[in-house]
Amino acid sequence: MDLATLRLQQQTLASSVIREDRLDVDPPRWIGGADVGFEQGGEITRAAMVVLSYPALELVEYKVARIATTMPYIPGFLSFREYPALLAAWEQLAQKPDLLFVDGHGISHPRRLGVASHFGLLVDVPTIGVAKKRLCGKFEPLSAEPGALAPLLDKGEPLAWVWRSKARCNPLFVSTGHRVSQDSALAWVQRCMRGYRLPEPTRWADAVASERPAFRRLQAIQP
C-alpha cells in the first residue's frame, strides 16, 4: 500500500471540499446518521446508516452493511478503510438523507479529509463530522458546564467546534464535512440533541451498529 499516493489523493480531495452551506433542502426533511465498526478482529467492516425525520427526529429507516475489510488500520487514513462499507449501507437506503451526520471527523484532520468529508464528496451530500476524540489541533480547556464551547485550531486555522454537549461528559468535535459551514454544523448538531451526549442521528447509528438495548427494544416493537 502506497501511503504517498493515498496522501496525495487526500490532499486533492480536500481541496474539493465545500466549506459553506449548500443544502439542497433547507431545512432538511431527512437527517441521516452513519457509524462504522469492525468485527472478527477487524476482518469485517460494519457500517450502519439511519434516517430520521426532521424536526421530529423519529427513526424511519436503518441499514447495516458488512463487508470484508479492504485496508489495515493506519492512523490518518481511516476514511479509506471505512468508506467502502459506508457506501454499501448508503446504497441500500430507500430514503436518502438531505443531511448526514458521520461519527468521525470532517475537516478536523491533519490533511483536512476525515471520513465525513471523504464520504460527503463521494456521494455529494451535505455532511457533518461528529467525533468523540481529537485527531489534530489544539483548543482551550472547556469549563464543566454543558454548552461550553471552544474552537479547535491547527496552525491558526479553525477546524471544528469543541462542544460539551452534556454535563460530566467529554466534549464532541463538530466539524464541516462537506457542503456545510462550521457554524451551521454546530447549529444542526445542537438542534438534534435530545438529552444525550450524542445527537440523535449518530446516537441511533451507534445503537444500530452496536445492537444496543434501545435498538433491540425498537426491533421488538416493530411489526
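Residues numbered from 1 in each chain as written. Predicted model: local features only at pLDDT ≥ 70, side-chain atom pairs only at ≥ 80, totals over all residues. Heavy atoms only, no water.

Under an unreviewed UniProt entry, the name given to the protein is Endonuclease V, and the source organism is Enterobacter lignolyticus. What the UniProt record of the protein gives under Subcellular location (unreviewed entry) is the line "Cytoplasm". In UniProt, the protein has this text filed under Cofactor (unreviewed entry): "Mg(2+)". (UniProt positions renumbered as here; feature names shortened; annotations may be inferred.)

Q: An account of the nonpolar core is needed here, citing residue identities and associated values.
A: If you look at the biggest cluster of nonpolar residues, it comprises 27 residues, and the most contacted ones within it are I31, L99, F101, I128, W188 and V189. Looking at this core, the elements that each hand over two or more residues are β2 (44-53), β4 (99-102), β5 (127-131), β8 (172-178), α4 (182-191) and α5 (200-210). Looking at this core element by element, the count peaks at five residues for α5. Residues A34, A65, V115 and V123 belong to the second largest nonpolar core, which totals 18 residues. (Core = buried A, V, L, I, M, F, W, Y, C linked by side-chain atoms within 4.5 Å. Buried < 20%, exposed > 50% of the residue type's maximum accessible area, 1.4 Å probe, protein only. Helix = DSSP H or I, 4+ residues; strand = E, 2+ residues; numbered from the N terminus.)

Q: Explain unusual backbone geometry residue by residue, including any values.
A: The residue after D26, namely P27, is reached through a cis peptide bond having omega 5 degrees. Within the secondary structure layout, P27 lies in the loop between α1 (3-14) and β1 (30-39). Between Y54 and the following residue, P55, the backbone shows a cis peptide bond with an omega angle of 15 degrees. Mapped onto the fold, P55 is located in the loop between β2 and β3 (59-68). Although it is not a glycine, R168 sits at a positive phi angle of roughly 60 degrees.

Q: Got a sec to walk through the environment of L135? Specific residues and values, please.
A: Tracing the sequence through the fold places L135 in the loop between β5 and β6 (149-154). Counting along the chain gives 56 residues from L135 to R191, while the straight-line C-alpha distance between them is 25 Å. The contact partners of L135, leaving out residues within four places of it in the chain, are H105, S108, H109 and P110. (Contact = heavy atoms within 4.5 Å.)

Q: Report on α5, specifying residues and quantitative values.
A: Counting buried residues along α5, ten of its eleven residues qualify, which places the element largely inside the surrounding structure. Of the residues making up α5, those classed as buried are E200, P201, T202, R203, W204, A205, D206, A207, V208 and A209.

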